[in-house]
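# Structural description and commentary
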Amino acid sequence: MTTDRVEVPPAEPGAQWAGLRAALLLGTTRRPAPTGIAVGAVLVAGSASSLLDAAALWAAGRGPVSVAGVAVPPCPPDPTPVVSATAVAVLDLVLPAGDQPGSVRLVSRWLARAATAGQRLPHSRVVALLELGTARPGLRAGVRAVLGERGRWVAGGHEPWAWATGRDESPAWDEQAWEHGSAQERMRMFAALRAADPERARQVLAGAWPSLSAAERSALLAGMRHGFGPADWDWVGQVRQASNSAQVRVLATDMLASDPASPYSNELTAQLRAWTSRRGAQIGFEPDRDLTEADCVAAGMGKPPPGLSATGWWLSHAAAAAPLSLWLELPDSRRLPRARVGVAELVAAGNDELRDGWVRAAVRQRDQVWLEALAGHAPTPAVLAALPPDRAVGVLVAHLRGKDDPQGDLALAGAISGRWQRNLASVLIDRFAAAQTHPEGDGSVWLEHLDPADGDLLRAAIEGLPEDPPKKVAGAVAARRRQLRAAARDLAMAAAIDAAFTDPDNQAPPASPAIQHPDSPASPAPTVEEP
Amino acid sequence: MWGKCQGSGANAYQVAVDLTGPTAKCSCPSRKYPCKHALALLLMWAHGAQLAGTPSGVVTDWQASLRDKPAPRADRVVDPQAAAARREQRLVRMVAGAQVLSDWLADVAQAGVASLSDRDSGWWAHSSARMTDAQLPGVGTRIADLAQVVGVGSDWVDVVVLELGMAHLATRVLGNWERLGASERADLRVFLGWPATSEELSAAQRVAGVWHVVGARRDLTGRVAAQRTWLVERGSGRLGLVLDFAGPGGTLAVPALVGSVLVGEVVVYPGSAPNRVRLGESLTTGDDPGGALRGAVAVGEALALATGWWAVNPWPWRQPVCLAGVRLAQVGGAAAVMDDAGDAVLLDPRADVHQLRAVTGGARCDLFGEVDRVGRLLPLAVGFDGGMVGL
């Protein structure tokens with residue numbers, strides 16, 4: 001090793017480092033090290049060893065130095081009070097289990113209670129909730145309500161959190177952003193424009209249509225469901241006829257079919273009138289030719305699923321689009337002028353395809369008489385969801401009384417929105433506990449529809465489960481016990497959440513100690529909160 | 001206590017539990033210890049099952065073997081001469097190993113740092129293993145870590161050049177071992193991977209005080225989880241770093257809560273400040289909250305302090321810093337923090353910038369963290385009037 005120690009004028013440190021770095025980056029094989037670099041007392045002498053000596057000296061003698069920065073504008077102060085320490089503790093208990101279906105409901109409950117109390121998240125939990133809302137769009141509205149000024153400010157610094165900034169509620173129309181924005185931004189802008197000015201939104205979409213991809217077309221077209229009306233019929237009808245994409249055609253058809261007055265529905269209704277007849281409560285369907293798969297596709301209904309005839313598929317779709325009054329207006333072929341037919345009789349006498357169509361028509365047309373008749377015949381989730389909750393409960397309880405097999409109970413009951421009335425809750429829990437098959441579903445339905453006050457029903461059911469069931473059903477009973485216990489636990493947690501926002505002991509504390517802000521010593525300073 | 005259990009085999013398993021140990025023996029082939037049969041026996045005993053009957057041969061033999069087993073030695077007597085001879089031997093092997101490291105460094109310097117980005121994982125694994133074989137496991141680990149750095153980020157060349165310089169420095173300093181002081185030897189041993197023995201630690205200094213937990217972080221490097229906990233002694237301002245490691249399947253110690261206080265003695269590892277420490281057995285959690293972050297200084301001063309530590313012990317990649325009155329800033333689009341004078345330090349890519357934004361809101365605050373050799377800050381705690389929040 002040769003290390004020449006020569007007096008050289010000291011170079012500026014940055015230049016010394018840059019020279020050393022460049023020499024080591026290339027290596028001495030490719031290019032002998034320059035002999036002009038001096039690091040401390042070492043003059044690099046062209047050998048690998050002297051380069052390493054210089055690096056060693058640098059490592060021993062030098063540390064990092066500061067750089068010039070530009071301050072980030074601080075978050076404006078937040079007047080909203082923060083939730084209590086108890087509420088934070090409860091939130092921490094439900095957050096880590098965020099992947100279980102029950103815990104999402106609990107987080108959602110927590111968010112709703114906090115919003116009702118007019119309180120916000122502590123700053124230290126803002127990021128966790130923004131991440132949760134990003135992963136689960138269903139929680140976003142709840143998260144947004146409790147983010148506070150700080151949460152919105154934090155979200156503003158990270159594109160995936162743009163949903164939380166409040167900007168997306170009604171973004172102003174911006175031609176530039178519409179032309180060049182991301183698919184998500186365009187969707188948000190289009191939805192806002194559609195809400196504010198449906199006419200203009202349709203014109204904008206029609207103008208952009210030729211340049212859009214099929215995926216964008218169906219996404220933006222779905223955005224037109226909001227405020228869909230007669231003014232849209234023409235253009236959506238053209239899209240239905242002309243589009244190359246099956247997805248877009250089916251979507252446009254569905255939009256038109258949802259209104260029994262649209263030209264598309266009118267066309268189908270006229271066809272039905274010509275091809276159907278009524279004898280008593282019996283509906284007959286006799287098309288003048290054999291309907292094929294091609295007829296269904298041409299009508300925008302898509303291909304019939306395996307096992308269903310093209311005729312049945314066509315009838316079901318047409319019945320879903322036609323006004324329900326059609327069926328009562330059909331003349332009775334027995335020519336008995338006084339014999340009027342009731343909706344319940346039609347429903348009872350109809351075939352499955354007709355009833356499928358009627359269910360969709362009744363939901364679309366919000367026809368109470370038909371909904372009740374259909375629900376009375378055989379309740380389906382869609383029908384129960386469309387009925388007023390107290391009527392739905394009445395229909396369902398009556399239906400359950402006549403049904404031994406508990407399979408499908410929860411799918412039906414889950415369609416009824418809001419808390420179950422206690423009589424329904426009691427029937428459902430008893431039937432669930434008595435069944436000896438493996439339970440369906442993950443049990444999230446309990447927490448959605450039960451109240452903490454219904455916990456006694458769950459506890460009684462758990463105690464009533466057989467201690468020592470026959471081996472054949474032991475696994476099923478154990479699974480039911482697990483689900484009931486999980487539901488009882490979730491309800492207890494729900495009660496804790498409610499208590500955290502209602503007990504007078506848990507009211508929000510006064511404002512936390514503040515950090516003084518250099519730029520605005522007079523204004524209230526942003527705060528750092530204890531976790 | 002003994003019993004028989006009818007398992008899936010033809011003969012009932014003979015199972016015995018010695019409650020004084022407790023230790024268990026069973027004739028089943030299970031590789032788990034204690035086996036389920038022994039646990040069942042313990043459970044029956046716990047529920048008050050009556051014990052009766054005569055133990056079988058297996059059980060009596062086992063009882064006899066337990067009696068014959070010597071009791072564990074209460075304290076091993078260390079032969080100081082043998083210990084010195086072991087140290088001498090290890091040193092000789094390490095000096096020989098340093099030649100392997102020197103050759104490797106020269107190869108890299110000749111081929112150029114740029115060539116490292118073409119190396120495959122096999123080459124890195126081989127390089128790392130060579131250093132471990134040459135009795136330099138610490139260097140082996142640093143080389144393995146370096147493999148993850150090469151080609152990543154804008155300053156990886158600076159990182160590699162500094163690491164090469166530090167390794168080269170270590171080979172030079174090791175050659176002067178006889179002239180080194182105790183503290184310098186300890187620092188070099190940490191870098192080379194020659195851990196302090198339990199005898200050396202038992203003789204280590206113990207420092208009593210009120211220790212404020214000012215930072216805690218867990219990292220996963222390879223398959224090893226590491227937990228770093230920083231303590232500051234309230235009266236003296238002395239810093240201590242608690243390191244915990246857990247291999248695959250292991251669990252780390254429960255992390256101390258940032259802002260809490262531990263009262264009592266810590267064992268200070270040999271070497272120069274800021275030292276690694278181990279929590280003493282008698283340490284208790286203080287009742288009073290830790291209060292505000294103390295000893296915070298401006299960015300320039302904090303970096304100068306860290307540079308001073310590096311001048312004494314050049315091998316740690318990171319040093320603790322406690323910054324006063326800093327707020328979020330940008331340096332050429334990258335996230336940073338800066339003080340009122342406009343002096344900024346860039347944030348480490350691993351820093352949780354969002355959480356820092358959420359907790360500070362862009363307002364001035366004190367910050368405890370670690371700064372690395374290329375000047376990137378990893379914030380660990382935010383201090384404010386009367387308290388602090390961990391990140």
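Anything mentioned here points back to the structure above.
These lines cover the structure that appears in this document, whether it is placed above or below. Model, not experiment: these values are computed from the prediction. Numbering of residues starts from 1 in each chain and follows the order in which that chain's sequence is written. Written order decides the labels, with chains lettered from A and ligands numbered from 1. Only residues with pLDDT of 70 or above have their local features reported here, since the model is predicted, and side-chain atom pairs are shown and tallied only from 80 upward, although totals for entire chains, interfaces and linings are computed over all residues. The basis for every side-chain value is the complete set of heavy atoms in the structure, and neither hydrogens nor water enter the calculation.

For the rest of this paragraph, the subject is the overall build of chain A. For chain A, the count of helices and strands is 27 helices and six strands. Here chain A, with 531 residues, has 45% of them falling under the buried criterion. Working rule for contacts: check all heavy atoms of both residues, and any pair within 4.5 Å makes them a contact. Intrachain contacts of chain A at a sequence separation of at least 6 include 62% that bridge at least 24 residues. Numbering of helices and strands starts at the N terminus; helices are DSSP runs of H or I of at least 4 residues and strands are runs of E of at least 2. Relative accessible area decides the class of each residue, using a 1.4 Å probe on protein chains only: under 20% of the type maximum gives buried, over 50% gives exposed, and in between gives partly exposed.

Our focus in this paragraph is the interface of chain B and chain A. Counting residues at the interface gives 56 residues for chain B and 56 residues for chain A. Salt bridges, as used here, are contacts in which a Lys or Arg side-chain nitrogen is within 4 Å of a carboxyl oxygen on Asp or Glu. The interface formed by chain B and chain A includes two salt bridges. Arg21(A) is the partner of Asp158(B) in a salt bridge, and the nearest nitrogen-oxygen pair spans 3.0 Å. Think of a polar contact as two N or O atoms within 3.5 Å of one another; within protein, one of them needs to be a possible hydrogen donor and the other a possible acceptor, and neighboring residues in sequence only count if both atoms come from side chains. At the junction of chain B and chain A, the tally comes to 21 residue pairs in polar contact (both at pLDDT 80 or more). Elements with a minimum of two residues in the side of chain B that touches chain A: helix H3 (80-111), helix H6 (156-175), helix H9 (299-312), strand S10 (318-331), strand S12 (343-347), helix H10 (353-360), strand S13 (365-372) and strand S14 (376-384) of chain B. Among the elements that take part in the side of chain B that touches chain A, H6(B) stands out by supplying ten residues, more than any other. Residues are grouped as follows: nonpolar covers Ala, Val, Leu, Ile, Met, Phe, Trp, Tyr, Cys and Pro; charged covers Asp, Glu, Lys and Arg; every other residue, Gly included, is treated as polar. Taken together, the residues of the side of chain B that touches chain A sort by class into 31 nonpolar, 15 polar and ten charged.

The subject of this paragraph is the packing of aromatic side chains. Residues and elements named next belong to chain A. Pairs were defined over the aromatic rings of Phe, Tyr and Trp, the Trp ring being its six-membered one, requiring ring centres within 6.5 Å. Orientation was assigned from the angle between planes: stacked under 30 degrees, edge-to-face over 60, tilted for the rest. Going through the model one piece at a time under the given rule, you end up with 15 aromatic pairs over all chains. Judged by centre distance (5.2 Å) and plane angle (80°), the rings of Phe-432 and Trp-446 are edge-to-face. Of this pair, Phe-432 sits in helix H24 (residues 422-434) while Trp-446 sits in helix H25 (residues 444-449); the two residues are 14 residues apart in sequence, bridging distant segments of the chain. Summarising the burial analysis for this pair, Phe-432 and Trp-446 share the class buried. An aromatic cluster of three or more residues is present, and its members are Trp-275, Phe-285 and Trp-314.

So, on to the pairing of strand S7 (residues 261-268) of chain B. Residue and element names in this part refer to chain B. The element S7 is extensively covered by neighbouring structure, given that six of its eight residues are classed as buried. Two strands make a pair as long as DSSP finds a minimum of two bridges between them. Bridge count for strand S4 (residues 206-221) against S7 is seven bridges, and the pairing is antiparallel. Its bridge partner being in S7, Val-210 is matched across the sheet by Val-263. Pairing of S7 with strand S9 (residues 284-285) involves two bridges; the strand directions are antiparallel. When the sheet's bridge partners are listed, Val-263 is paired in S9 with Thr-284.

What makes a nonpolar core is a set of buried Ala, Val, Leu, Ile, Met, Phe, Trp, Tyr and Cys residues whose side-chain atoms join them at distances within 4.5 Å. Counting 157 residues, the largest nonpolar core has Trp110(A), Trp314(A), Trp327(A), Trp358(A), Trp420(A) and Leu323(B) as its most contacted members. In terms of residue count, the dominant contributor to this core is helix H27 (residues 471-502) of chain A (ten residues). Contacts of Trp314(A), omitting those with residues within four sequence positions, involve Leu268(A), Gln271(A), Leu272(A), Trp275(A), Phe285(A), Leu291(A), Cys296(A), Ala299(A) and Met301(A). Counting 50 residues, the second largest nonpolar core, distinct from the first, contains Ala48(A), Ala167(B), Trp194(B) and Trp315(B).

Let us now look at the packing of helix H22 (residues 389-401) of chain A against H24(A). All names here are of chain A. Comment: axis = line fitted to C-alpha atoms, over the contacting stretch for helices; angle = value between 0 and 180 degrees taken between N-to-C directions. Packing of H22 against H24 brings their axes to within 10 Å, and their N-to-C directions diverge by 30°. With respect to their mutual orientation, H22 and H24 come out roughly parallel. Taken as a pair, H22 and H24 cross one another with a handedness that is left-handed. Of the residues in H24, those touching H22 at Val-393, Leu-396, Val-397 and Leu-400 are Asn-423, Leu-424, Val-427, Leu-428 and Arg-431. Its residues placed into classes, the contact of H22 with H24 shows seven nonpolar, one polar and one charged. Oblique is the label for any angle not under 35 degrees, not over 145, and not in the 65 to 115 range, which are roughly parallel, roughly antiparallel and roughly perpendicular in turn. Each crossing gets its handedness from the near helix: less than a right angle anticlockwise from the far helix is left-handed, clockwise is right-handed.

Right, let's get into the pairing of S4(B). Sheet topology note: the S4(B)/strand S5 (residues 224-233) of chain B ladder contains ten bridges and is antiparallel. Within S5(B), the position partnered with Trp211(B) by the bridge is Glu233(B).

Residue and element names in this part refer to chain B. Orientation of helix H5 (residues 137-149) relative to H6, taken along the N-to-C sense of each, is 165°, at an axis distance of 10 Å. Taken together, H5 and H6 sit at an angle that is classed as roughly antiparallel. Of the two elements, H5 crosses H6, and the hand of that crossing is left-handed. Where H5 abuts H6, its residues Arg-142, Leu-146 and Val-149 lie against Trp-156, Val-159, Val-160, Glu-163 and Met-166. Looking at the contact of H5 with H6 residue by residue, the class counts come to six nonpolar, no polar and two charged.

What follows deals with the side chain of Arg481(A). Assignment of secondary structure puts Arg481(A) in helix H27. His is not counted, nor are the chain ends, whereas Lys and Arg count as positive and Asp and Glu as negative. Here Arg481(A) occupies a buried position and makes no salt bridge, while the nearest side chain of opposite charge, Glu467(A), is found at 4.9 Å.

Attention now moves to helix H7 (residues 148-155) of chain A. Across the eight residues that make up H7(A), a large majority, six, are buried. Turning to H7(A), its buried residues number three or more, namely Gly148(A), Arg150(A), Gly151(A), Trp153(A), Val154(A) and Ala155(A). Residues of H7(A) that are buried in the fold lie against helix H5 (126-135) and helix H6 (140-146) of chain A together with S10 and H10 of chain B.

So yeah, pure geometry; function would need other evidence.
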